[in-house]
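# Breakdown of the fold
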Amino acid sequence: MQTRQLGDGLTVSAIGLGAMGMNAFYGPSDERESTATLQHAVDIGVTFIDTAEAYGPFTNEQLIGRALGSRRDEITIATKASAETDDDGTVHGRNGSPEYIRRACDRSLRHLGMDTIDLYYLHRADPAVPIEDSVGAMADLVAAGKVRHIGLSEVAAPTLRRAHAVHPIAAVQSEFSLFSRDVLHNEEKATADELGIGFVAFSPLGRGVLTEGVRSLDDLAPDDARRGLPRFQPAAFAANRRLVARVERIAGEIGATTAQVALAWLLAEGAVPIPGTRRRSRLDENAAAAGIRLTDAQRTALVDAIPADDVIGSRDGVDAPIGIDR
Ligand SMILES: NC(=O)c1ccc[n+]([C@@H]2O[C@H](COP(=O)([O-])OP(=O)(O)OC[C@H]3O[C@@H](n4cnc5c(N)ncnc54)[C@H](OP(=O)(O)O)[C@@H]3O)[C@@H](O)[C@H]2O)c1
């Protein structure tokens, strides 16, 4: 597996693994297969593992601790704070206060069973707390040796600049895929590139739409949270899948799968995708995307296949305008 550098000093596998769906939001999962998938990821060099205290809450970090605690030195672990959660799992909403960040970090370390977090993200900026205060608290965690690098998720360009002035930011994580390309137009990615900050693409497969795995809403379990998202409402989903059919045709010409060309496109954009999967076979398929080099013409054809205005439904139901902290 190739590597990419995030910020000044964090080297990660070019494709990571998003662990969220292994026990949160996306319906039932099999802990044995999830554990085997996490182990297999490390075996094949997919060592950049993404989680958050909010996934479960807590159970996702605990799963990773159980599955990979004994292989701590082989992985780069990324987790996130700021969805204020009581120890009993009650979620209150954003909290970017220094006090909460300190508490959340200690709890994440305990749940992961690890001494350090390689990349600690603020999951969302808290409008009630200046970003300087949140990042200042995270910088203190770096100084204390609990965190190696700091990241932010879904922040607007001005917030990123202010944060980076307090402490070097290694990575920004935002939704970015052939279906969600707004980061290319709202200065978010351009600012990260300018400041030498890495860009991590979450939901790089459009939460599964850009794969052969979610071809119909019947492929989703009744309790799958995607059923509540605008792009997964029946009429929107049908229209969006018609766009994916165009990507499937291009993938066929390239001799790759839909998921693979979606990931190869992100790699060509300079992002590090963290596709989520609970299955070893899909992990192998996704990891192989690192070996696909798209031509400029293929990249253009993929963008043209999904005109932004033709995508039906907002990406997550949050109506924050482009360029604003979400
Ligand atoms: N910062 C944030 O606010 C934020 C928000 C959302 C997500 N994330 C992170 O981003 C990661 C990935 O995002 P995501 O899971 O939402 O969406 P995604 O990676 O775009 O898609 C995941 C879905 O695609 C399916 N899939 C993956 N590879 C496949 C393949 N090769 N063939 C067929 N189906 C395939 C998975 O099914 P199976 O699992 O059944 O294989 C799952 O349903 C998460 O795990 C999380 O770590 C961060």
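Quick look at the structure, then.

Conventions and cut-offs
- Residue positions are counted from 1 within each chain, in the order its sequence is given.
- Note on the predicted model: pLDDT of at least 70 is required for a residue's local features to be given, and 80 or more for side-chain atom pairs to be given and counted; whole-chain, interface and lining totals, by contrast, use all residues.
- For the side-chain quantities, the full set of heavy atoms in the structure was used; hydrogens and water were omitted.
- Just to be clear on terms, a salt bridge is a Lys or Arg side-chain nitrogen sitting within 4 Å of an Asp or Glu carboxyl oxygen.
- Secondary structure elements follow DSSP: runs of H or I no shorter than four residues count as helices, runs of E no shorter than two count as strands, and numbering proceeds from the N terminus.
- Categorising residues by exposure relies on relative accessible area from a 1.4 Å probe, with only protein chains included: less than 20% of the type maximum marks a residue as buried, more than 50% marks it as exposed, and the intermediate range marks it as partly exposed.
- Axis angles are defined between N-to-C directions and span 0 to 180 degrees, where every axis is a line fitted to C-alpha atoms and, for a helix, only to the segment in contact.
- These descriptions rest on fixed angle ranges, namely under 35 degrees for roughly parallel, over 145 for roughly antiparallel, 65 to 115 for roughly perpendicular, and the rest for oblique.
- A contact between two residues is defined here by any heavy atoms of the two lying within 4.5 Å.
- Residue proximity to a molecule or strand is established when one non-hydrogen atom of the residue lies within 4 Å of it.
- Distance and chemistry together define a polar contact, namely a pair of N or O atoms within 3.5 Å, with one atom able to donate a hydrogen and the other to accept it when in protein, and with adjacent residues in sequence counting only for side-chain atoms on both sides.
- Surface exposure here means Shrake-Rupley accessible area, sampled with a 1.4 Å probe, where a residue is shielded only by the protein chains that are shown.
- We call Asp, Glu, Lys and Arg charged. Ala, Val, Leu, Ile, Met, Phe, Trp, Tyr, Cys and Pro are nonpolar, and the rest, Gly among them, are polar.
- Working definition of a nonpolar core: buried Ala, Val, Leu, Ile, Met, Phe, Trp, Tyr and Cys residues. They are joined through side-chain atoms within 4.5 Å.
- Within this analysis, the arc is defined by the directions that extend from the helix axis to the C-beta atoms.
- Here a crossing is called left-handed whenever its near helix is offset anticlockwise from the far helix by less than a right angle, and right-handed whenever the offset is clockwise.
- Here a helix's expected span is defined as the number of its residues, less one, multiplied by 1.5 Å.

## Describing the pattern of salt bridges
For the structure shown, the criterion picks out 23 salt bridges. One salt bridge in this structure joins glutamate 33 and arginine 280, with 2.6 Å as the shortest N-O distance. Within this pair, whereas glutamate 33 is found in helix H1 (residues 31-43), its partner arginine 280 is found in helix H9 (residues 280-287), the two being separated by 247 residues in sequence. Arginine 103 is the partner of glutamate 99 in a salt bridge, and the nearest nitrogen-oxygen pair spans 3.3 Å. Taken together, the positions of glutamate 99 and arginine 103, both in helix H3 (residues 98-112) and four residues apart, correspond to about one turn of that helix. When its relative accessible area of 43% is taken as the criterion, glutamate 99 is described as partly exposed. Arginine 103 gets classed as partly exposed once you look at its relative accessible area, which sits at 32%. One salt-bridge network, held together by shared partners, links Arg124, Glu154, Glu175, Asp182, Arg207 and Arg315.

## Section: the packing of helix H2 (residues 59-68) against H3
H3 packs onto H2 with a crossing angle of 40° between their chain directions and a minimal axis gap of 7 Å. As judged from the angle between their axes, H2 and H3 are oblique. On H3, the residues touching Glu61, Gln62, Ile64 and Gly65 of H2 are Ser108, His111 and Leu112.

## Let's talk about the site of the ligand
In the vicinity of the ligand lie 31 residues, with Tyr26, Asp50, Leu205, Arg226 and Thr277 positioned nearest. Here tyrosine 26 contributes a side-chain N or O atom positioned 2.6 Å from an oxygen atom of the ligand. Between the ligand and serine 153 there is a distance of 3.0 Å, counted from a nitrogen atom to a side-chain nitrogen or oxygen. Contact with the protein chains covers 96% of the free accessible surface of the ligand, which is 900 Å². The leading source of residues in the shell around the ligand is H9, at three residues. Split by residue class, the shell around the ligand holds 10 nonpolar, 12 polar and nine charged.

## A look at the nonpolar core
Core analysis: the largest hydrophobic core is formed by 84 residues, its most contacted members being Leu38, Ile64, Tyr120, Leu152 and Ile306. When residues of this core are assigned to their parent elements, the largest contribution, eight residues, is made by helix H8 (residues 258-268). In this view, tyrosine 120 contacts Thr79, Lys80, Ala81, Ile101, Ala104, Cys105, Met138, Leu141, Val147, His149, Ile150 and Gly151; residues no more than four positions away in its chain are not counted. Residues Leu10, Val12, Ala171 and Phe202 belong to the second largest nonpolar core, which totals 13 residues.

## Some details on H9
All buried positions along H9 are accounted for by Leu283, Asn286 and Ala287. For H9, the angular spread of buried residues about the axis comes to 95°, placing them on one side. Packing partners of the buried residues in H9 comprise strand S3 (17-18), H1 and H8.

## Remarks on the environment of aspartate 88
Inspection of the secondary structure assignment puts aspartate 88 in the loop between strand S6 (83-85) and strand S7 (91-94). Taking the C-alpha atoms as reference points, aspartate 88 and aspartate 43, 45 residues apart in sequence, are found 34 Å from one another. Of note is the side chain of aspartate 88, whose polar atom sits 2.7 Å from the side chain of threonine 90.

## A closer look at the packing of helix H4 (residues 131-143) against helix H5 (residues 157-166)
It is at 9 Å that the axes of H4 and H5 come closest, and there the two elements cross at 40°. Here H5 runs oblique to H4, going by the angle between their axes. Considering how the two elements wind past one another, H4 and H5 form a crossing that is right-handed. Every residue of H5 that contacts H4 at Ile131, Glu132, Val135 and Gly136 is listed here: Thr159, Arg162, Ala163 and Val166. For the contact of H4 with H5, a count of residues per class yields four nonpolar, two polar and two charged.

## Re H1
The terminal C-alpha atoms of H1 lie 18 Å apart, and with 13 residues this matches the ideal 18 Å at 1.5 Å per residue to within 8%. Looking at the buried positions of H1, the neighbouring elements they touch are S3, strand S4 (48-50), H2 and H9. Regarding H1, its N-cap is aspartate 30, as a side-chain oxygen of that residue lies 2.9 Å from the backbone nitrogen of arginine 32 further along. Where H1 ends, the next residue or the one after it, glycine 45, has phi of about 90°, a positive value.

## A short note on the environment of valine 311
Inspection of the secondary structure assignment puts valine 311 in the segment after helix H10 (296-305). Judged by its relative accessible area of 12%, valine 311 falls in the buried class. Spatially, the C-alpha atom of valine 311 lies 7.6 Å from that of alanine 239, the residues being 72 residues apart in sequence. Residues within four places of valine 311 in sequence aside, it is in contact with Phe179, Arg231, Asn240, Leu243 and Ile306.

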